[in-house]
Every structure is written in structure tokens, then in C-alpha cells.
Amino acid sequence: MATSTVIRQDTPFTWEGMDKKGNRVTGKTLAVSENALRADLRRQGVVPTRIRKQAQRGGGKKIIAGDIAVFFRQLATMLAAGIPLVQAFEIVGAGHEKPKMQKLILDVKAQVEGGSSLHEALAKHPLHFDDLAVNLVEAGEHAGALENLLDKIATYKEKTEAVKKKIKKALFYPAAVLAVAVIVTCILLVFVIPQFEALFKGFGADLPAFTQMVVKLSVFVRTKGWLILMLVGAGFYTFFYFFKRSKQLRETVDRTLLKLPIVGPILVKAAIARYSRTLATTFSAGVPLVEALGSVAGACGNIVYEKTVLRMKDEVSTGQRLQRAMDNTGLFPNMVTQMIAVGEESGSLDAMASKVADFYELEVDAAVDSMSSLLEPLIMMILGVLVGGLVVAMYLPIFKLAAVV
């Protein structure tokens, strides 16, 4: 007869009560129900006077990679302090602000309480715990050093997220300024230019060619603007629709981005940093090199590097040295391959890969700062040309009229 496992859905409660000495005590606890919590408190010698469900904050917020990094950091800290795994889950879950993250943690806790190992419980949530994290946790459980591996996972995720945030922050500013420039230009074309157009009709003279061009553009935007918006919206939707479903398109986009003049070198350095950081983390955890490269491939963040690392994995599995396999790709600088070669020869591959990751993470920081410095004047120039060009076009007829007078 088949049996089904019932997963407890714990709810966070805040409570107040009196202990055996008559002192007032408060706390936050997870429990199935209010009655179950009252019974549990009485067993602990506490007479509850007030119990209420904890307010759920950030209800609509989704789980992000930063939340997972913090979760691993908290779990590693508590296990290192000697707190049992299930109790650590309860503490972390009860204290989290996001209900979705709280539910995820409690689901994993319930699986562990039901007899599953931690890596098996994490593997049931592939959207939030990738293969790399699951494999490292499994290695930590088998080696009896789970808290050390959780600490390595937390450090790895914190560093990779820091690199991604740095790049996103650098790209956000120019994107925001250009978006404002487009909006301002559209407002001028739709609302301001028509006022000048009505004024120019009374001049009784031909308008300058530049002004005529701007007026025609204004008319086109006012009459066909909706069509432009529909085409642009459909274009973006179509691109992202196929981008999510076509690996070939993603590879083409990734390959093109790597060749861009300013952004490309930053993406290359970021991919090498993630490759090196993941390789150092997995290899130091005792994962065999061939298996480690499988996890490294998916963590590079670029399909070009992912496919390259998978080819390297095949070469290494046939006895090829990692440094030689990296040389054959042509995607890794000589300094990187030489440091990997030193690591292989000295038996300290993880340490050398970690040094490479540290170096390239600093390189990404410096390159992003330089890109921001280069883009600021360029963006100001584009903004000045767009808005200033429209203003000049509208005042040219006035200047021409003044010269005639």
C-alpha cells in the first residue's frame, strides 16, 4: 500500500508569556497552529498570555540570487556555532522578511525532517538551488564538513553577485539617461513643435531645410506614433520570446556582445572571473576535475564560454591537461593559462584559480568604473544633440526672419 508524506506547513508566530519565575518573556516561533504553539510553550514552562501570527512583509517580492547567498551564509554560521540543522532552518525561516523565501526554507526543513539529506531537499527546488550548490552540499555531507562547504557556497555566490551588480549598475545609468532623452524628444515633437509650426505658417516664407525635416518628423510621430510603438513593442517581444527558447540565438547574442568595443572586454573578464571562482570552489571541495568542469560550464554566464568549457571537459576526461585544453580554446589570456599550469604542477589548482578570480574581479571593477567615465560625456553629447538639435531647428526661422528685417 502506497504511503504519502505530509509536509508540515509551519506558520511564524510572535508570543508573550510568563516563565516559572514569573518573569515576562517574548519570542518568535514556527508552529503548525496556535494551539500547537500553546502546548509547546507550556511544555517549556511558559504560560502564554498573547499569541499572534507574525505580519507578512514583502508579500509580492520574488526570491533573488542575493537571498540564496544570505541563506547559505546564515546556515553556515549557525552550523559552525553548533546549532542542529533543523533548528537552524527554523531560526532562518522565522526571521526572514520575504514570505516566499520563508516558505522555501520551511519546505526544505520539512523534507530534511522527513528523512531526506540536505542536498536531496535542495535539489527539489532547482529554480533556486542550482546543480553547483547541490553538488557542493552533497560533497560536504559525504566529507563531514557541511558548514565549511556552505561557507564556500555563500562566499562564491556573494562574489559572483557582486560582479553582476557592478556591471548592472554601470549599464543602468546610461540606459536611464538615454530613456529620458527619448521621452523628452517625443514630448517636444508631440507638444512643442506643433506650436512653432503654427507660428511659422504666418511667416509667409520658406523654412530652412533642417526645420522642415523636424516639422515633418513631428507630424509623422503624431500621426504614426502608435504604429512605431506597436512595431517596437512587437520587435522586443519577438526577440525575447525567441531568445528564451533558442539556444542558437542566445549564443549569437553572447558572441556578438563579447566583440563589442567597450562592453565586450568587461564581459570577457566577468566570464573568466566566474569560471575561475567556480573552478576554485568546486575543486577545493574535493569534486573531481572532470565533474567540476561540468558545474563550471553552467556558471560562466555566457553560452560561448559554456560550450568551450564543456569541450575542455571532454579533453580533460581523455587525459589532456587543463592548461593545454584552455590553450586550445583561444578564449583565455596567457596569464590565466600559465597560472592554471602552475596550479596543476604544484597541486594547488584551487588556490591558483582563486587568485585568478580575485585578479579578474578587480579588473571588472576597474573596467566598469572606466566605462562609466567614458560613457558619461558620450551620453551628454547624445542628449545635447537630440534636445539641442530640436531647439536649434525651431529657432532657425526666427533668426532668418530677424536677419531679413
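In every chain, residue numbers begin from 1 and rise along the written sequence. pLDDT decides what is reported in this predicted model: residues at 70 or higher carry local features, side-chain atom pairs at 80 or more are listed and counted, and totals for whole chains, interfaces and linings draw on all residues regardless. To obtain the side-chain values, all non-hydrogen atoms of the structure were included, while hydrogens and water were left out.

Engineer: Would you mind going over the environment of Met18 with me for this structure?
Structural biologist: Put simply, DSSP marks the helices as runs of H or I at least four residues long and the strands as runs of E at least two long, and each gets a number from the N terminus on. On the secondary structure map, Met18 appears in strand E1 (residues 11–18). Between buried and exposed lies partly exposed: a residue is buried under 20% and exposed over 50% of the maximum accessible area for its type, with that area taken using a 1.4 Å probe on protein chains only. Judged by relative accessible area, which is 33%, Met18 ranks as partly exposed. Spatially, the C-alpha atoms of Met18 and Gly45 are 8.5 Å apart, while their sequence positions differ by 27 residues. For Met18, the contacting residues outside a window of four places in its chain are Asn23, Arg24, Val25, Gly45, Val46, Val47 and Thr49. Contacts are residue-level and defined by heavy atoms, with any inter-residue pair within 4.5 Å sufficient.

Engineer: Just to check I follow, could you spell out the nonpolar core for this structure?
Structural biologist: Nonpolar core, defined: a set of buried Ala, Val, Leu, Ile, Met, Phe, Trp, Tyr and Cys residues in which side-chain atoms within 4.5 Å join the residues together. Phe71, Phe72, Leu118, Phe129 and Leu150 are the most contacted members of the largest nonpolar core, which totals 36 residues. Elements represented by at least two residues in this core include exactly helix H2 (65–80), helix H3 (85–95), helix H4 (99–113), helix H5 (118–123), helix H6 (131–143), helix H7 (146–200) and helix H11 (289–299). A total of 7 residues in this core trace back to one element, the largest contributor, which is H2. Discounting residues that sit within four places of it in the chain, Phe72 has contacts with Leu122, Phe129, Ala133, Val137, Leu150, Ile153, Ala154 and Lys157. Counting residues in hydrophobic clusters, the runner-up holds 27 residues, among them Ala273, Tyr275, Leu279 and Cys300.

Engineer: Help me understand a nonpolar patch on the surface, please; the structure alone is not making it clear to me.
Structural biologist: Together, Leu217, Phe220, Ile228, Val232, Phe236, Phe239 and Phe240 line one region of the surface with nonpolar side chains, adding up to about 630 Å² of accessible area. Position of Phe220 among the secondary structure elements: in helix H8 (residues 209–245). Patch construction takes residues with relative accessible area above 30% that form no salt bridge. Like charges are linked within 9 Å, and nonpolar side chains (Val, Leu, Ile, Met, Phe, Trp, Tyr) are linked within 5 Å. Each accessible area is a Shrake-Rupley estimate made with a 1.4 Å probe; only the visible protein chains count as cover when residues are assessed. We count a salt bridge whenever a side-chain nitrogen from Lys or Arg sits within 4 Å of a carboxyl oxygen from Asp or Glu.

Engineer: Would you explain the pattern of salt bridges in this entry?
Structural biologist: Pairing is possible between side chains of opposite charge, provided their charged atoms come close. Per the stated rule, a full pass over the model turns up 15 salt bridges. For Glu251, the salt bridge identified is with Arg255, shortest N-O distance 2.9 Å. In this pair, Glu251 and Arg255 are both assigned in helix H9 (residues 247–258), 4 residues apart and thus about one turn of the helix distant. On the basis of relative accessibility, which here comes to 16%, the residue Glu251 falls in the buried class. On the basis of relative accessibility, which here comes to 36%, the residue Arg255 falls in the partly exposed class. One salt bridge in this structure joins Arg277 and Asp358, with 2.5 Å as the shortest N-O distance.

Engineer: Help me understand the side chain of Thr282, please; the structure alone is not making it clear to me.
Structural biologist: Along the polypeptide, Thr282 turns up in helix H10 (residues 263–284). Exposure remark for Thr282: the relative accessible area of 1% places this residue in the buried category. What qualifies as a polar contact is a pair of N or O atoms within 3.5 Å, subject to a donor-acceptor requirement within protein and to the restriction that residues adjacent in sequence count only when both atoms come from side chains. For Thr282, the side chain forms a polar contact with the main-chain oxygen of Thr278, separated by 2.8 Å. In terms of polar contacts, Thr282 uses its side chain to reach the backbone carbonyl oxygen of Leu279, at 3.2 Å.

Engineer: What's the story with H8 in this structure? I'm lost.
Structural biologist: Working note: α-helix, 3.6 residues per turn, so residues spaced by three or four point in the same direction. Taking 1.5 Å as the rise per residue, H8 with 37 residues should run 54 Å; its terminal C-alpha atoms sit only 47 Å apart, a clear shortfall. At Lys224, H8 shows its maximal bend, which comes to roughly 70°. Restricting attention to buried positions, one finds in H8 the residues Thr211, Val214, Val215, Ser218, Val221 and Gly225. In a helix, the anticipated span is given by 1.5 Å times the number of residues less one. Consider a residue and the seven residues that end there alongside the seven that start there; fitting an axis to each set, the bend is the angle between those axes.

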